[in-house]
Every structure is written in C-alpha cells, then in structure tokens.
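Remarks on the overall topology
Listed below are the residues making up each chain.
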Protein chains: 2
Amino acid sequence: MTPTAGPRPGGRSARIQQAVRASARALLEWHERADITVPMIATDAGVTPSTIYRRWGDINEVFADVSIEQLRPDAPPRETGSLRGDLTAWSQEYLEEMSTSVGRAALRDVLMSDDQALAPDGTKKFKCAFFCRTQIDVILARWPEASAVDGDSVVDHVVAPIVYRILFDLEPLSLLRVSELVDQVLAPKVSV
Amino acid sequence: MTPTAGPRPGGRSARIQQAVRASARALLEWHERADITVPMIATDAGVTPSTIYRRWGDINEVFADVSIEQLRPDAPPRETGSLRGDLTAWSQEYLEEMSTSVGRAALRDVLMSDDQALAPDGTKKFKCAFFCRTQIDVILARWPEASAVDGDSVVDHVVAPIVYRILFDLEPLSLLRVSELVDQVLAPKVSV
C-alpha cells in the first residue's frame, strides 16, 4: 500500500510517489480501471515501469495507495456543540463519503491490497480503519461525559454497519438510522 | 462471480463449472494465489482458457466463484433450545469460520469480484451477505418471541462488527463479546 522503504519527505522518493499517484488518479478519470496498466502509469509519470513494480509490487497496490490518500481525513471532525452532535455529524458524513462510487472503490481497493499496512501507532490494522478510529477518539476526547464511551463500541455499532452494507451492496443505512445508532451507543453511558 | 448464463443442472455448462472450480481449489492447495493463471486452471480442468475467460471474465471471478461456495452454509443453523442460544451459537460459529485464513480469503475474494451477484431473491446484495441473512431469518422464524426482532438489527450489530474487524485486521471480537452483542440485540425486544 505504501512503498516498503518510507520516502524522505521532499526527496526523490517522495517526488516519484507523488508523480505516480497523480498519474494513476489522472488515468482513472479517463479509463476503466481494468484498462490501466503499470506501463501506462509509468509513461505518464515519467518513470520506468520497473520503478513502479519495485516500489509498489503491482497495479493493485498503486490503486490502494491512491485510495488510502482519498480515505485520509483532511480535517478534524466538525464541532457542533455536543458529543452527540459531533458523533452524529461525523458518522453521517462518513456514510455519505463512503457511499459514493469513489468511496466504495476506495474501500475495495484498500481491501484488495495485500499490504498489512502499519498504522501510525505501529499496529497492523488497516490505515482506513485507523483513520476512523482516530476521528472518533478526537471527538470522545473533546467531551468529559464521553469518558464512559468506548471507542470500540462506536466502531462496532456505527462504523461497522455503515461499511458492511456498502461493501456487500445491501441497502445503505439512512442518515436517520445512523443518528439512531449513535444514540444507542451513547444511551446507556451518557445522559443527554 | 457466476457465469453470465446460468448453467443447466447436470448439463455441459454445469460440468465445466464444477471442473473449473475443482481445479482452482486443487491448485490453491499447492500454489500461491498470485502464481495461479487461467491457463493453469484450464489445463487442469481440461477446458480451453477462452472457455474460462468467456464464462468467468478473469481469474478473480474464478476465485470468487470458488469462495462463494465455501461461504455457502451446508446446514441450517444449529438448534440449541432457545432463541438466544441459537443466535449465539450461529454467530460464534460464523466468527470462527470467517476468522480462519480460508474464511478471510473467501470474504476478500468475494469483495474483489466486480460481479453484482444476484441473490436467489433477485436482489443485488452479495450472496455471502444473503447467506448470513437467510440463516438469521431461519433462526428468527423458529421462535415466536423473535417476532419483535428485526433481522437487520442482527446484521448491523452482530454480523457487521464480526466482518468489519476481520476485513480491516482489527482485533477480532471474542466469543464472549459476540454473545454480548446478541444479548444487546435481543435485550429491548425479548425477555429471557
């Protein structure tokens, strides 16, 4: 999912990584995924195909690398004035983003990657799961009354059903249902 | 995931399908998945590669087809003498099966398949999600007190966290935690 040896920021490695990602993204706008090859990306990015094979392994890893960047949150969770409001807003926005064709494809790309991505905390969980958990933990840390709320419960009862239904093409959860799931996670722990 | 035109049972189509599945399974016992090609399967199964390309599309679809057979339940859910017992036993066995390397690979194969598998009821949900739902519905139909229990809730609060954690390499749920999740789904609806 990421090159084996981490690139130095701004170094040649990092420039290659950025160029390859940008080319993959650009090609995806005009071609079916199945029609894109490593040599096509290499030509567009101005690198050799063997550079890509050496650093990513195969084309699925290139797509996964692009996708993980799309799944990375670009801002802390929105502040709404309450614990319940923050969790509901984040969950509903997560549902909306992941339900798009881009979001679905990104989730599947990440799962298609064999890479056991090391999360920033050194654990082996997938980075996109780590991204979710980090956003949830930021919200829980904002509110003293959240001390009784277990981040794992939010993952199991809110994130998991959102993602499971998207991946397996079940009826997606409604925004109302997402807010009910948040209420249920908070209900026994927090009086609101 | 399945050939575009459904094979007549027992006909030539069905025999080809069985032979290709059997060869793919056999090759998987001796080779890394990435080393197996359509021509290898074709040779082993005694068909032409073009037969496989025409009927399955690509190698990922062949693997998905094999995996969906592994995910298909081979018996109705075990009877334990109570609604809670039946749901707990099924959920714990599902966790155990899906947590194996075979189960994980099968789930990922199915997701890697582009095929929008038509479930037996004509909807587009993935067959493995349909299998789960069917087993849950069989259990709920056994017990009059389950009339207040929504099958969707069991999917969202029991199946989804089991699968999400497996797919994203989070700490798997414990058997105890699975039984707690079942208790929580039943708690507001069923006095036990």
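All of the points below concern the structure found in this document.

Reading the values: rules and limits
Residues numbered from 1 in each chain as written. Chains lettered and ligands numbered in written order. Predicted model: local features only at pLDDT ≥ 70, side-chain atom pairs only at ≥ 80, totals over all residues. Heavy atoms only, no water. Phe/Tyr/Trp six-rings, centres within 6.5 Å; stacked < 30°, edge-to-face > 60°. Helix = DSSP H or I, 4+ residues; strand = E, 2+ residues; numbered from the N terminus. Buried < 20%, exposed > 50% of the residue type's maximum accessible area, 1.4 Å probe, protein only. Lys NZ or Arg CZ within 6 Å of the ring centre and 35° of its normal. Contact = heavy atoms within 4.5 Å. Buried area = accessible area lost by both parts, 1.4 Å probe. Salt bridge = Lys/Arg side-chain N within 4 Å of Asp/Glu carboxyl O. Least-squares fit on C-alpha atoms with pLDDT ≥ 70 in both.

Quick word on the packing of aromatic side chains
On inspection of all chains with the given rule, the structure shows 4 aromatic pairs over all chains. Plain terms: the ring middles of Trp-90 of chain B and Tyr-94 of chain B are 5.1 Å apart, the flat faces sit at 15° to each other, and that makes the pair stacked. One end of the pair, Trp-90 of chain B, and the other, Tyr-94 of chain B, are both in helix H5 (residues 83–99), 4 residues apart, so they sit about a helical turn from each other. Taken individually, Trp-90 of chain B and Tyr-94 of chain B each receive the classification buried, so the pair is uniform in this respect. Here Tyr-164 of chain B and Phe-168 of chain B contribute two aromatic rings whose centre-to-centre distance is 4.7 Å and whose plane-to-plane angle is 40°, an arrangement assigned as tilted. Classification of Tyr-164 of chain B as buried rests on a relative accessible area of 4%. A relative accessible area of 1% means that Phe-168 of chain B is categorised as buried. Just above the ring of Phe-63 of chain A sits the side chain of Arg-33 of chain A; from NZ or CZ to the centre is 4.6 Å.

Digging into the environment of Ile-139 of chain B
Residue and element names in this part refer to chain B. Summarising the element assignment, Ile-139 is placed in helix H7 (residues 127–142). Along the sequence, Ile-139 and Thr-100 sit 39 residues apart, while their C-alpha atoms lie 24 Å from each other. With residues up to four places along the chain from it excluded, the contact list for Ile-139 reads Pro-77, Leu-83, Asp-86, Leu-87 and Trp-90.

Some remarks on the interface of chain A and chain B
Accessible area lost when the parts come together is the quantity often used to give the size of an interface. With 30 residues of chain A at the contact, the number on the chain B side is 30 residues. When the two sides are added together, the surface that chain A and chain B hide from each other amounts to roughly 2600 Å², 62% of it contributed by carbon and sulfur. In this assembly, chain A and chain B are joined by 6 salt bridges. Among the ionic pairs, Asp-156 of chain A bridges to Arg-165 of chain B, the shortest N-O distance being 2.7 Å.

Comments concerning the relation of the copies chain A and chain B
Least-squares fitting of chain A to chain B yields an RMSD of 0.1 Å, with the transformation described by 0.0 Å of translation along the axis and a rotation of 180°. Read as a symmetry element, the transformation amounts to a two-fold axis. Mapped onto chain B, 100% of the interface residues of chain A again fall at the interface, so both copies present the same surface.

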